[in-house]
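Chain and residue survey
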Amino acid sequence: MKKRTVAAMPSSNGDAAAQILGADGVLSGQCPMTREQVVESLRWMLLSRAIDERLIKLQRMGRIALYGPVYGQEAAVVGSSMALDPRTDWIVPASREQPAMLRHGLPLVRLFARYMGRIDHATIPLDVNLLPRQEAIGAQLPQAVGLAWAMKIRRVESVVMVYFGDGASSEGDFHEACNLAGLMRVPVVFVLINNQYAISTPVQKQTAASNFAVRAAGYGFPGVAVDGNDVLAVFAACSAAAKQALAGAGPTLVECKTYRLGFHNTSDNPKEYRDDSEVAAAMKRDPIERVRRFATQSGWWSAELEAKSVAQIAHDIDEAQHAVEALPRPGPAAIFEHVYATPTDRLKRQRAETLGPDAASTDD
Amino acid sequence: MSILEAIRSAIFEEMERDERVMVLGMDVGRLGGVFRVTRGLMDRFGSERVVDTPLAEGAIIGSSIGLAIGGMIPIAEIQFLGFTQQAFHQIGPQLARCRFRSRGRFHAQVTIRAPFGGGARTPEFHPDSIEAMFSQAPGLKVVCPAFPDDAKGLLLTAIRDPDPVLFLEPQRIYRRIRGEVPVGDQPVPFGRSRLVREGSDLLLIAWSAAVHMCMEAADRLAEEGAAVGVLDLRTLVPLDVDGLVEAFRTSGKAIIVHEAALTGGFGAEIAATLQQEAFRSMDAPIQRVAARDSPYPPGALEDHFLPSVERILKAARASLAF
């Protein structure tokens, strides 16, 4: 068993969320990331925001159906995923963890293919330890516990990080998953991204508890609340949780308190349920700006480096988008593929009826 | 060997053969399950592979999905089929669609075992026959043996199937129905019905415990001079359409018997399939003898609710006279 290392776990007292990097970009305490990691986190966050902008634009042009942006939650998503080793650890996403998926190895072109409807070009590569996005809120939680449980039984050194939101914490799956994870002491990190809203429902209508992290105590494992807009605090808490998991100490719940600056998805209009002043106040706690300031003051970042980085990101996004545009859209045959390893006779007949009897079979 | 012993024997052999196979569920370990199906497994294979879980059906199925993706082969026991309702969101939309949602990147080799069926005076929800619900969950297979040899052979196939299988166990006849079970590794393929009794005047179609009710009815009808066949579907998904049509054509008359409520029961699927595929052979209206369209009543009333030999006889006589 590995030595437990808990030094990096930021402390949280009651409802206070642990913070290392203030909204003003000033560091309190030691920086848990190396210079390279700070710069890497900034690049992932900038990429995330650029992807949001592009996909919202494509949706407004009618070229994709729906998009849920990461906008405002970048530090929570990037900081947590950077605590993982993509070669061995797993990510079980909810739905808006795009930069975590990319950092874990999902090619950008496949991310775009997913949103642009090229489903058979959007598959997760065999060597990427990532489950598909989850549309049923909270359903991924017991699945992630099972995955971590398999790693434990098989003596594989691996941590499973599962993402979910404040809304998902009201689902029965959250309770069942946490209870099982605590009992089986599986190597899982529950990352609760508290972005204050489940579509229009604010956290005050989601729970009477003062915060979500306290719930972990009821399941027999630690819970910690961090400033989810502070990439350093998120990284520190998740790194400590991952180490605990690898050491056999079981799960940790990390609540990242952040704010969904954008809409729930492109069909949503937040002006109908929250004040502009609230959003304006949240803008002042932008997760990217504080890292930019900190990195610049540390001499690790500059306007010039940012311009180069942004240009590279725009180039990569253009390239991914154009590559996907050249891909064929799925035809009706896709309906009949991957239902079973070997299609049933009925499915074969329905396929022939849909495509014509001469269409070649594509059993997988 | 009883059906119960046949099931235990299949699990035991698969766990011996493949160390990835594990059993999880409520009370399955020390107790061996409420019906003792898994008795002795924990002693033989240890508590890491035979796991007493907390009382949470959603977590049992949800974690089975993750266990399968992580390289294990879980056999999940849900204590009674009626309680899969507490986990349906993890079965229909999640487990069954694991392969499809990931476009083949992931699949879930999971077997869910669940006892079901009435006639045992069990409490509310315990006897519910809700198998048809699962035929509306593409990606899942639905298996329902009626005999010990099929129970073992179909369970071997289920555990080895790369896709998820719901394996329905007839609780009323777990111990009562005994039969020869072939020695050695004899898996029974899915999608092949079994003509358990031949008869040129009428065909009774059923699955699970209702097959035995049909056998009894066929015996009684034989005394009246009618040659009545009995077809055991063995699997609802995949459905043996060819076997069904072939057996039906012998007489052109059929009665479908099931313990699920009439409306929307799987019998409707059978009747629709037969009229589509064998219209010209049809010699009488296809009838259904099913449970009543009411919630499952208390045990003292279940004989009025469930199909019975008497109701089958009444329907059969009408069909034979048509």
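No experiment lies behind these values; they were computed from the predicted model shown.

Definitions and limits used
Residues numbered from 1 in each chain as written. Chains lettered and ligands numbered in written order. Predicted model: local features only at pLDDT ≥ 70, side-chain atom pairs only at ≥ 80, totals over all residues. Helix = DSSP H or I, 4+ residues; strand = E, 2+ residues; numbered from the N terminus. Rg over C-alpha atoms; globule rule 2.2 N^0.38 Å. Contact = placed C-beta atoms within 7 Å. Buried ≥ 20, exposed ≤ 12 C-beta atoms within 10 Å, placed from the backbone. Expected span 1.5 Å × (residues − 1). Pairing = 2+ DSSP bridges. Axes fitted to C-alpha atoms, helices over the stretch in contact; angles between N-to-C directions. Arc of directions from axis to C-beta. Domains from an automatic or database assignment. Nonpolar A, V, L, I, M, F, W, Y, C, P; charged D, E, K, R; others polar. Core = buried A, V, L, I, M, F, W, Y, C linked by C-beta atoms within 7 Å. pLDDT = per-residue confidence, 0-100. Parallel < 35°, antiparallel > 145°, perpendicular 65-115°, else oblique.

Glancing now at the overall build of chain A. Broken down by element type, chain A carries 12 helices and seven strands. Taking 21 Å as the expected radius of gyration for a compact globule of 364 residues, we find that chain A reaches 21 Å, a close match to that expectation. Each principal axis of the C-alpha atoms in chain A carries an extent, and together these give about 70 × 50 × 40 Å. In chain A, once contacts between residues fewer than 6 apart in sequence are set aside, the share between residues at least 24 apart is 76%.

Another point: the overall build of chain B. The helix and strand inventory of chain B stands at 12 helices and 12 strands. Here chain B has a C-alpha radius of gyration of 19 Å; the compact-globule value for 322 residues is 20 Å, and the two agree. Taking the principal axes of the C-alpha coordinates as reference, chain B spans close to 60 × 45 × 40 Å. Looking at the 322 residues of chain B, the share that counts as buried comes to 58%. Pairs at least 24 residues apart make up 79% of the contacts formed inside chain B by residues separated by at least 6 positions.

The next thing to look at is the interface of chain A and chain B. With 33 residues of chain A in contact, the opposing surface of chain B contributes 36 residues. Broken down by secondary-structure element, the contributors of at least two residues to the side of chain A that touches chain B are helix 5 (140-153), helix 6 (172-184) and helix 12 (345-355) of chain A. The leading source of residues in the side of chain A that touches chain B is helix 5 of chain A, at 10 residues.

Take helix 8 (residues 231-246) of chain A next. Residues and elements named next belong to chain A. Under the 1.5 Å per step criterion, the end-to-end length of helix 8 is 22 Å for 16 residues, consistent within 8% with the ideal 22 Å. Burial of helix 8 is extensive: 16 of the 16 residues sit out of reach of the surface. Among the residues trailing helix 8, glycine 248 stands out with phi positive, at a value near 90 degrees.

With that out of the way, let us pick up the sheet that holds strand 9 (residues 228-232) of chain B. All names here are of chain B. Pairing in this open sheet of five strands is mixed, and the strands run 7-9-8-11-12 from one edge to the other. Single-partner strands in this sheet number two, and they are strand 7 (194-197) and strand 12 (287-291). The average undirected angle you get between the axes of adjacent strands in this sheet is 25 degrees. Inspection of the sheet shows strand 8 (residues 202-206) paired to strand 11 (residues 254-261) by three bridges, in the parallel sense. Paired with leucine 203 across the bridge in strand 11 is alanine 254.

All of the buried residues in helix 9 (residues 241-249) of chain B are B:Val241, B:Leu244, B:Ala247 and B:Phe248. An end-on view of helix 9 of chain B places all buried positions within 140 degrees of arc, on one side of the element. Residues of helix 9 of chain B that are buried sit in contact with helix 12 of chain A together with strand 7, strand 8, strand 9, strand 11 and helix 10 (266-277) of chain B.

The next thing to look at is the domain arrangement of chain B. All names here are of chain B. The domains assigned to chain B are domain 1 (3-173) and domain 2 (194-321). Once you take the C-alpha centre of each, domain 1 and domain 2 turn out to be 27 Å apart. Between domain 1 and domain 2, the residue contacts involve 26 residues of the former and 23 residues of the latter. If you list the elements that add at least two residues to the side of domain 1 that touches domain 2, you get helix 6 (131-135), strand 5 (141-143), helix 7 (148-160) and strand 6 (165-170). Here the side of domain 1 that touches domain 2 is composed, by residue class, of 13 nonpolar, six polar and seven charged.

Residues and elements named next belong to chain B. Spatial strand order, 2-1-3-4-6-5-10: seven strands in an open sheet with mixed pairing. Edge positions in the sheet fall to strand 2 (50-52) and strand 10 (235-237), since each has one partner strand and no second. Strand-to-strand twist of the sheet, defined as the mean angle between neighbouring strand axes without regard to direction, takes the value 20 degrees. Direction of pairing for strand 3 (residues 73-77) relative to strand 4 (residues 111-116): parallel, over a ladder of three bridges. Its bridge partner lying in strand 4, alanine 76 is registered against isoleucine 112.

A word on the pairing of strand 3 (residues 188-194) of chain A. Residue and element names in this part refer to chain A. Across the seven residues that make up strand 3, a large majority, seven, are buried. Residues Val188, Phe190, Leu192 and Asn194 line one face of strand 3 and the alternating positions Val189, Val191 and Ile193 line the opposite face, and both faces are buried. Judged from the six bridges that link them, strand 3 and strand 7 (residues 252-257) form a sheet pairing that is parallel. By the bridge assignment, phenylalanine 190 is partnered in strand 7 with leucine 253.

For the rest of this paragraph, the subject is the nonpolar core. Counting residues in each nonpolar core, the largest one holds 214 residues, and the members touching the most others are A:Val254 and B:Leu204. It is helix 8 of chain A that contributes the most residues to this core, 13 residues altogether. Dropping the residues within four chain positions of it, A:Val254 is found in contact with A:Val189, A:Phe190, A:Val191, A:Leu192, A:Val224, A:Val226, A:Ala237, A:Cys238 and A:Ala241.

The assigned domain composition of chain A is domain 1 (35-330) and domain 2 (332-364). Computed from C-alpha coordinates alone, the two centres of domain 1 of chain A and domain 2 of chain A are separated by 36 Å.

Residues and elements named next belong to chain B. Strand 6 sits mainly inside the fold: six of its six residues count as buried. Here strand 6 shows no split at all, with Val165, Phe167 and Glu169 on one side and Leu166, Leu168 and Pro170 on the other all buried. In this structure, strand 4 lies alongside strand 6, joined through six bridges in parallel fashion. Each residue of the ladder has a partner; that of phenylalanine 116, found in strand 6, is proline 170.

Taken over all residues, the pLDDT of chain B has a mean of 97, while the share at 70 or more is 100%. Taken together, the chains of this predicted complex give a pTM of 0.96 and an interface ipTM of 0.96.

Attention now moves to the packing of helix 6 of chain A against helix 3 (residues 57-69) of chain B. In contact at an axis separation of 9 Å, helix 6 of chain A and helix 3 of chain B are set at 70 degrees when each is read in the N-to-C sense. Taken together, the axes of helix 6 of chain A and helix 3 of chain B are roughly perpendicular relative to one another. Counted together, A:Gly172, A:Asp173, A:Glu176, A:Ala177 and A:Leu180 of helix 6 of chain A and B:Gly58, B:Ala59, B:Gly62 and B:Ser63 of helix 3 of chain B form the full contact between these two elements. Residues belonging to the contact of helix 6 of chain A with helix 3 of chain B are distributed by class as follows: three nonpolar, four polar and two charged.

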